[in-house]
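Observations on the three-dimensional arrangement
One letter stands for each residue in the lines below.
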Amino acid sequence: MCRHLAYLGPPVTLSDPVLHQPHSLLQQSWAPVDMRSGGTINADGFGIGWLVGDPEDGGVARRYRRDVPMWSDASLPDLAESISSWAILAAVRNATVGMPITETACAPFVEGVWMFSLNGVIDGWPASVAPLADLLPSADLMTLEAPTDSAFLWALVRGQLRDGRSAAMALTRVVSDVLALAPRSRLNLLLHDGQKIAATTVSHALWLRHGGGSVIVSSEALDPGDARWQQVPDLSLLVATAADFSIDPLDQGWS
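1. Side note on the pattern of salt bridges
Across all of its chains, the model carries 12 salt bridges by this definition. The partner of arginine 63 in a salt bridge is glutamate 145, and the shortest N-O contact between them spans 3.1 Å. You can see arginine 63 sitting in strand β3 (residues 60–66) and its partner glutamate 145 sitting in the loop between α4 (138–142) and α5 (149–162), a full 82 residues away along the chain. Note on glutamate 145: relative accessible area 27%, which makes it partly exposed. Between glutamate 111 and arginine 162 there is a salt bridge, and its shortest N-O distance comes to 2.6 Å. Taken together, the positions of glutamate 111 in strand β5 (residues 109–111) and arginine 162 in helix α5 put the pair 51 residues apart, joining distant regions of the chain. Given the relative accessible area of 31%, glutamate 111 is considered partly exposed.

2. Details of the pairing of strand β12 (residues 236–240)
Here β12 lies mainly inside the structure; 4 of its 5 residues are buried. Bridge analysis of β12 against strand β13 (residues 245–249) gives 5 bridges, and the strand direction is antiparallel. Looking across to β13, one finds that valine 239 is bridged to serine 246.

3. Observations regarding the packing of α5 against helix α6 (residues 167–181)
Close contact between α5 and α6 brings their axes to 9 Å; oriented N to C, the two are set at 135°. Comparing the axis directions of α5 and α6 gives the class oblique. Crossing handedness for the pair α5 and α6: right-handed. In this structure, α5 contributes Leu153, Leu156, Val157, Gln160 and Leu161 to the contact, and α6 contributes Ala167, Ala170, Leu171, Arg173, Val174 and Val178. Of the residues belonging to the contact of α5 with α6, the class tally is 9 nonpolar, 1 polar and 1 charged.

4. Details of α6
The end-to-end C-alpha separation of α6 is 22 Å, in line with the 21 Å expected for 15 residues at 1.5 Å each. Along α6, the residues that are buried comprise Ala167, Ala170, Leu171, Thr172, Val174, Val175, Val178 and Leu179. Of the surrounding elements, those touching the buried residues of α6 are β6 (114–121), α5, β7 (186–192), β8 (197–201) and β12.

5. Concerning the environment of alanine 242
Note on placement: alanine 242 falls in the loop between β12 and β13. Classification of alanine 242 by relative accessible area gives partly exposed; the value is 27%. With 233 residues separating them along the chain, alanine 242 and glycine 9 place their C-alpha atoms 5.7 Å apart. Excluding residues that lie within four positions of it along the chain, alanine 242 makes contacts with Leu8, His210, Gly213, Ser214 and Val215.

6. Focus on the sheet that holds β6
Spatial strand order, β5-β6-β7-β8-β12-β13: 6 strands in an open sheet with antiparallel pairing. With partners counted over all chains shown, the strands left at the sheet margins are β5 and β13, one partner each. Ignoring which end each strand starts from, the neighbouring axes of this sheet average 15° apart. Sheet topology places β8 next to β12; 5 bridges connect them, and they run antiparallel. Bridge pairing links threonine 201 to serine 236 in β12. On top of the sheet, α5 reaches β5, β6 and β7; it is set at about 135° to β6, its chief contact. Lying over the sheet, α6 contacts β6, β7, β8 and β12, oriented at roughly 160° with respect to β7.

7. Topic: α5
Taking 1.5 Å per residue, 14 residues should reach 20 Å; α5 reaches 20 Å between its end C-alpha atoms and fits that length. α5 sits mainly inside the fold: 13 of its 14 residues count as buried. Among the residues trailing α5, glycine 164 stands out with phi positive, at a value near 95°.

What counts and how
Residues numbered from 1 in each chain as written. Predicted model: local features only at pLDDT ≥ 70, side-chain atom pairs only at ≥ 80, totals over all residues. Heavy atoms only, no water. Salt bridge = Lys/Arg side-chain N within 4 Å of Asp/Glu carboxyl O. Helix = DSSP H or I, 4+ residues; strand = E, 2+ residues; numbered from the N terminus. Buried < 20%, exposed > 50% of the residue type's maximum accessible area, 1.4 Å probe, protein only. Pairing = 2+ DSSP bridges. Axes fitted to C-alpha atoms, helices over the stretch in contact; angles between N-to-C directions. Parallel < 35°, antiparallel > 145°, perpendicular 65-115°, else oblique. Left-handed = near helix turned anticlockwise from the far one by under 90°. Contact = heavy atoms within 4.5 Å. Nonpolar A, V, L, I, M, F, W, Y, C, P; charged D, E, K, R; others polar. Expected span 1.5 Å × (residues − 1).

See the structure below:
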């Protein structure tokens, strides 16, 4: 499965969490430690999203995506070192068998201030969740960035957000709807709007480091030697700001 991370706090360069940590996202692309039978490496592309503008006004998401392994992009180090942001979401991809390896299939998926990523897979995709397509406007289905489960999940989450639901409610509802139809799915969803990070854990690992006016959430601890890292339990909903965070059990009404 994929690896992803989100950062919120004082501005840092993109290279700080993505390239420079002891167990950075770059290292996780070729040497992950907790894939849970979801492949061996994450070499099917990557993406980095960040917010630009005034944090008080929300900003707007920008992104850089490639359909090659992160370690093979010779331009990335200079680019990542030259851009700073208070809000970052990045991911490396391990494509599910049968899904295309294209730039547009790589997270993050963005709209406005929102940045989204999936670490996981919808079991039985696409037939298992075909009924959920009825929840989306036809135009949204026709303009999916890629014919993948992650792009479809983003469309579902985005629909919830457009209807005015909070990040926590949007993720909880989508996870519940998917697991009701495909209960063996793995659904670590990650959503960032520059003010808060929301995430779910369903059958994949997630770690959190909070303190010093910042928070970082990652599939694997970026510095395993730092005792501030704590693991988020499975079947949890995490909501974090730079000031505090909460971890609550996901509603398991689908089981």
